[in-house]
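# Results of the structural survey
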Amino acid sequence: MAAKPIKITVATVARNAAGLIERTILSVEQQIYPAVEHLIIDGNSNDDTLQIVQHYIERNSIAAVRHEINCLSEPDAGIYDAMNKALSLSTGRYIVFLNAGDTLPHPDTLSRIAAVIGQQETHPAVVYGDTDVTDGEGNFLRHRRLAPPEDLDWHDFKQGMLVCHQAFYARTDIARRTPYNLKYRLSADYDWALRVMKEAEQRDLPLVYAKAVVANYMHEGATTRNHRRSLFERFRIMTHHFGLSVTLAQHFWFVLRLFIKK
């Protein structure tokens, strides 16, 4: 008897995202992998976001490859509160966050992730990959500057968030045990990824590199628009996880590299 495919939850957090969410929906809808849950957490939108989602649900009901689609629409306390709702509602073995405007790059992206998982002796804590950056229209801009190492360890994140949030497929049981810390408004994903990887280390579970671009990340996100505030948050997060001396030394190196480039 063939093994049951591993279900992957794609969680999309959105609010008043009618101009962006269609692109994200289409990239999930086109996935050839059958065991997909698309979980849409809407922050009580008052534009056409929910109408677009409803059309998506209707199309899915007659699609050749049907995915599970679940939508929750209610007020929230910000993007990371909405992500915590997704963690609590997810029924997939793995979860990845793909927000409005972000996309899966190829119709077989989730098939590749599932294949990587299936090749391991035990289900890894995280499967991660590379990221391309796109503009507001979904056009390719560049490969992401920070690239993940082939052998990832949580200590590597002292160099920055080497794996984009949208390219970080976490085992749902571990992710649910380490929800997003709502005291961070812009960089809770950095802290969350660190805590997931620390939990993996404690359980002696691997972090596995997919060796492929697994996400297209839209450049103009909330962190980009609030760059200075996000840097202060990341300093606090780094201090918490790596200590003040390591954090100061690392920031000195960041500044030095900027001068060397000039």
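Below is a summary of the structure that appears in this document. Per chain, residues are indexed from 1 in the order of the written sequence. Residues qualify for local features only when their pLDDT is at least 70, as the model is predicted, and side-chain atom pairs are given and counted only at 80 or more; totals for whole chains, interfaces and linings, by contrast, use all residues. Side-chain numbers here rest on the full set of heavy atoms in the structure, without hydrogens or water.

A helix here means a DSSP run of H or I that spans at least four residues, while a strand means a run of E at least two residues long, and both kinds are numbered starting from the N terminus. In this analysis, the expected span of each helix is defined as 1.5 Å times one less than the number of residues it contains. The end-to-end C-alpha separation of helix H6 (residues 188–203) is 23 Å, in line with the 22 Å expected for 16 residues at 1.5 Å each. In this scheme, a residue with accessible area under 20% of its type's maximum is buried, one over 50% is exposed, and one in between is partly exposed, where area comes from a 1.4 Å probe on protein chains only. All of the buried residues in H6 are Ala188, Asp189, Tyr190, Asp191, Trp192, Ala193, Leu194, Val196, Met197, Glu199 and Ala200. Count one or two residues on from H6 and you reach aspartate 204, which has phi positive near 60°.

Attention now moves to the side chain of histidine 165. Turning to its location among the elements, histidine 165 is positioned in the loop between strand S6 (140–143) and strand S7 (168–171). Accessibility expressed as a relative area gives 5% for histidine 165, which makes it buried. Polar contacts, as counted here, are pairs of nitrogen or oxygen atoms within 3.5 Å of one another; within protein the pair requires one atom able to donate a hydrogen and one able to accept it, and residues that are adjacent in sequence qualify only if both atoms are side-chain atoms. In terms of polar contacts, histidine 165 uses its side chain to reach the side chain of tyrosine 180, at 2.7 Å. The criterion used for residue contact is that any of the two residues' heavy atoms lie within 4.5 Å. Those residues in contact with histidine 165, other than ones at most four positions away along the chain, are Met83, Phe97, Tyr180, Asp189 and Trp192.

Neither face of strand S4 (residues 94–97) is exposed, since Tyr94 and Val96 on one face and Ile95 and Phe97 on the opposite face are all buried. Bridge count for strand S1 (residues 8–14) against S4 is 4 bridges, and the pairing is parallel. Looking at the pairing, threonine 9 lines up with isoleucine 95 of S4. At least two DSSP bridges between two strands are required for those strands to pair. In this sheet, S7 lies alongside S4 in antiparallel orientation, the contact comprising 2 bridges. In the strand pairing of S7, tyrosine 94 is matched with arginine 171.

On to the packing of helix H1 (residues 21–29) against helix H2 (residues 49–60). Between H1 and H2, whose axes approach to 10 Å, the crossing angle comes to 20°. On the basis of the axis angle, H1 is roughly parallel to H2. Our pair here, H1 against H2, has a crossing hand that is right-handed. On H2, the residues that touch Ile21, Glu22, Ile25, Leu26, Val28 and Glu29 of H1 are Thr49, Ile52, Val53, Tyr56 and Arg59. Split by residue class, the contact of H1 with H2 holds 7 nonpolar, 1 polar and 3 charged. Fitted lines through C-alpha atoms serve as axes, helices being fitted only where they are in contact, and the angles separating the N-to-C directions of these axes extend from 0 to 180 degrees. Each angle gets one of four labels, with under 35 degrees taken as roughly parallel, over 145 as roughly antiparallel, 65 to 115 as roughly perpendicular, and the rest as oblique. Crossing handedness is read from the near helix: turned anticlockwise from the far helix by less than a right angle, it gives a left-handed crossing, and turned clockwise, a right-handed one. In the scheme used here, Gly and all other residues not listed as nonpolar or charged are polar, with Ala, Val, Leu, Ile, Met, Phe, Trp, Tyr, Cys and Pro taken as nonpolar and Asp, Glu, Lys and Arg as charged.

By secondary structure assignment, the location of leucine 205 is in the loop between H6 and strand S8 (207–218). Residue leucine 205 is classed as buried on the basis of its relative accessible area, which comes to 14%. Among all residues touching leucine 205, those that are not within four sequence positions of it are Thr122, His123, Ala125, Arg171, Ile174 and Ala200.

A few words on the packing of aromatic side chains. The pairing test for Phe, Tyr and Trp rings, Trp by its six-membered ring, is centres within 6.5 Å, and the orientation test on the planes gives stacked under 30 degrees, edge-to-face over 60, and tilted for anything in between. Taken as a whole and judged by the stated rule, the model has 8 aromatic pairs. With a centroid separation of 5.6 Å and 20° between ring planes, the pair formed by tryptophan 154 and phenylalanine 242 is classed as stacked. Separated by 88 residues along the polypeptide, tryptophan 154 in the loop between S6 and S7 and phenylalanine 242 in helix H8 (residues 227–242) bring together distant segments of the chain. What makes phenylalanine 242 buried here is its relative accessible area of 14%. Through a chain of ring-to-ring contacts, three or more aromatic side chains come together here, namely Tyr80, Phe97, Phe168, Tyr180 and Trp192. Counted as over-ring charges are cases with an Arg CZ or a Lys NZ within 6 Å of the ring centre that also lie within 35 degrees of the ring normal. Positioned above the aromatic ring of tyrosine 190, the side-chain terminus of arginine 234 is 5.1 Å from the ring centre.

Attention shifts here to the pattern of salt bridges. When a carboxyl oxygen of Asp or Glu is within 4 Å of a side-chain nitrogen of Lys or Arg, the pair counts as a salt bridge. Counted according to the given criterion, the structure contains 11 salt bridges. Residues aspartate 173 and arginine 203 are paired through a salt bridge, measuring 3.7 Å at the closest nitrogen-oxygen approach. In this pair, aspartate 173 is assigned in helix H5 (residues 172–177) and arginine 203 in helix H6, connecting sequence segments 30 residues apart. A residue is classified by how much of its surface remains accessible, and aspartate 173, at 27% relative accessible area, is partly exposed. Here the salt bridges share partners, and the residues they tie into one network are Arg171, Asp173, Arg177, Glu199 and Arg203.

When we look at burial in H1, the residues that qualify are Ile21, Thr24, Ile25, Ser27 and Val28. All buried residues of H1 fall inside an arc of 160° around its axis, so they share one side. Turning to H1, the residues buried within the fold contact S1, strand S2 (36–42) and H2. What the arc measures is the spread of directions leading from the helix axis to the C-beta atoms.

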